[in-house]
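A look at the structure
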Amino acid sequence: MNKVNYQKLLDEKIEEFVKEGRVPALFLHACCAPCSSYTLEYLSKYFNITIYFYNPNIDTKEEYEMRIQELNRLIKEMPLKNEVKLISGTYEPEKFYEIAKGKENLPEGGARCYRCYELRMEEAARAAKENRADYFTTTLSISPHKNADWLNSLGEKFGEKYDIPYLYSDFKKKGGYHRSVQLSKEYGLYRQDYCGCVYSKEEAERRNAGREN
């Protein structure tokens with residue numbers, strides 16, 4: 001079975017917009033400022049962007065607020081070609097803990113993460129439709145630890161459910177992840193060492209302890 005090249009699909013779609021002289025409205029689900037940095041640098045040339053911060057998986061309200069503040073600072077400080085604005089969803093950790101039941105001890109990247117992607121992607125699609133966007137997508141695929149096939153299939157599924165086109169993407173391609181690391185250093189961004197949930201935090205702490213030992 002041939003693997004889908006989501007970056008190629010994105011390039012082809014952008015080429016269409018450029019030829020047509022269109023600047024579509026993109027609803028961009030974001031998890032944090034570091035993951036948004038390259039994504040914004042890349043996409044703001046072609047879209048008017050609404051960043052949607054909806055991440056009920058984040059372990060504390062303090063962490064949640066810190067990530068929003070850093071995203072807001074990044075938007076203000078980055079030279080972005082087209083309009084970029086930020087809106088925040090409701091912090092609903094109970095929804096994450098509900099989908100994580102029975103999966104608490106699974107390693108990162110497994111079924112618990114899939115359900116977490118599903119939770120966030122569905123809400124992003126619903127909100128994108130409500131905000132009358134032309135397309136929606138997510139920054140999550142920029143991480144080497146995130147499954148781009150899962151994310152794109154969920155985007156397609158919920159795009160059809162809520163009648164809002166999904167923008168196929170795999171932002172780690174074309175050096176995207178490495179560029180996000182560079183931009184994080186350039187802007188002095190708070191760069192967390194775990195995805196956001198308490199389970200990924202515990203796994204990161206065990207990993208770090210192992211390195212120290």
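The protein carries the name Epoxyqueuosine reductase QueH in an unreviewed UniProt entry, which gives Catonella morbi ATCC 51271 as its organism. The record held by UniProt for the protein lists under Function (unreviewed entry) the comment "Catalyzes the conversion of epoxyqueuosine (oQ) to queuosine (Q), which is a hypermodified base found in the wobble positions of tRNA(Asp), tRNA(Asn), tRNA(His) and tRNA(Tyr)."

If you check UniProt for "binding site: [4Fe-4S] cluster" (unreviewed entry), the listed places come out as Cys31, Cys32, Cys113 and Cys116 in our numbering. By the element assignment, Cys32 lies in the loop between strand 1 (25-30) and helix 2 (33-43). For Cys32, a relative accessible area of 1% puts it in the buried group. Ignoring anything within four residues of it in the chain, the contact list for Cys32 reads Phe53, Arg67, Leu71 and Gln192. Mapped onto the secondary structure, Cys116 falls in helix 5 (residues 111-130). Setting aside residues no more than four positions away along its own chain, Cys116 makes contact with Asn57, Phe96 and Ile99.

The subject of this paragraph is the sheet that holds strand 2 (residues 48-53). A sheet is described by the order of its strands in space; here four strands give the open sequence 3-2-1-4, paired in parallel fashion. Every other strand in the sheet has two partners, leaving strand 3 (84-88) and strand 4 (135-138) as the edge strands with one partner each. The mean angle between the axes of side-by-side strands here comes to 25°, regardless of whether they run parallel or antiparallel. Relative to strand 4, strand 1 runs parallel, the two being bridged by four bridges. Its bridge partner lying in strand 4, Leu26 is registered against Tyr135. Relative to the sheet, helix 3 (residues 61-77) contacts strand 1, strand 2 and strand 3, its axis offset from that of strand 3 by approximately 170°.

Once that is clear, we can look at the packing of helix 5 against helix 6 (residues 148-162). Running from N to C, helix 5 and helix 6 cross one another at 40°; their axes reach a closest spacing of 9 Å. Where helix 5 crosses over helix 6, the two elements pack in a sense that is right-handed. Two secondary-structure elements touch here, helix 5 through Tyr114, Tyr117, Glu118, Met121, Glu122, Ala125, Arg126 and Lys129 and helix 6 through Trp150, Leu151, Leu154, Gly155, Lys157, Phe158, Lys161 and Tyr162. When the residues that make up the contact of helix 5 with helix 6 are grouped by side-chain class, the tally is nine nonpolar, one polar and six charged.

Counting buried positions over the six residues of strand 2 gives five, a clear majority of the element. For strand 1 and strand 2, the ladder comprises six bridges, and the chain directions are parallel. Paired with Phe27 across the bridge in strand 2 is Thr50. Viewed along the sheet, the connection from strand 1 through helix 2 into strand 2 turns out right-handed. Read from strand 2 through helix 3 to strand 3, the crossover connection turns out right-handed.

This brings us to unusual backbone geometry. Located in the positive-phi region is Asp163, a residue other than glycine, with phi close to 55°. Along the chain, Asp163 turns up in the loop between helix 6 and helix 7 (176-186). The exposure class of Asp163 is exposed, given its relative accessible area of 57%. A positive phi angle, near 55°, is found at Lys174, a position not held by glycine.

Here we take up helix 7. Every α-helical turn comprises 3.6 residues, leaving residues that sit three or four positions apart pointing alike. Along helix 7, the residues classified as buried are Gly176, Ser180, Leu183 and Ser184. Seen from one end, helix 7 has its buried residues packed into an arc of 105°, which puts them on one side. Facing away from the buried side of helix 7, by more than 90 degrees, are the exposed residues His178, Lys185 and Glu186. Among the structural elements, helix 2 are those in contact with the buried residues of helix 7. Phi turns positive one or two residues past the end of helix 7, at Gly188, with a value near 60°.

Rules and cut-offs
- Residues numbered from 1 in each chain as written.
- Predicted model: local features only at pLDDT ≥ 70, side-chain atom pairs only at ≥ 80, totals over all residues.
- Heavy atoms only, no water.
- UniProt positions renumbered as here; feature names shortened; annotations may be inferred.
- Helix = DSSP H or I, 4+ residues; strand = E, 2+ residues; numbered from the N terminus.
- Buried < 20%, exposed > 50% of the residue type's maximum accessible area, 1.4 Å probe, protein only.
- Contact = heavy atoms within 4.5 Å.
- Pairing = 2+ DSSP bridges.
- Axes fitted to C-alpha atoms, helices over the stretch in contact; angles between N-to-C directions.
- Left-handed = near helix turned anticlockwise from the far one by under 90°.
- Nonpolar A, V, L, I, M, F, W, Y, C, P; charged D, E, K, R; others polar.
- Right-handed = clockwise from strand over helix to strand, strands pointing away.
- Arc of directions from axis to C-beta.

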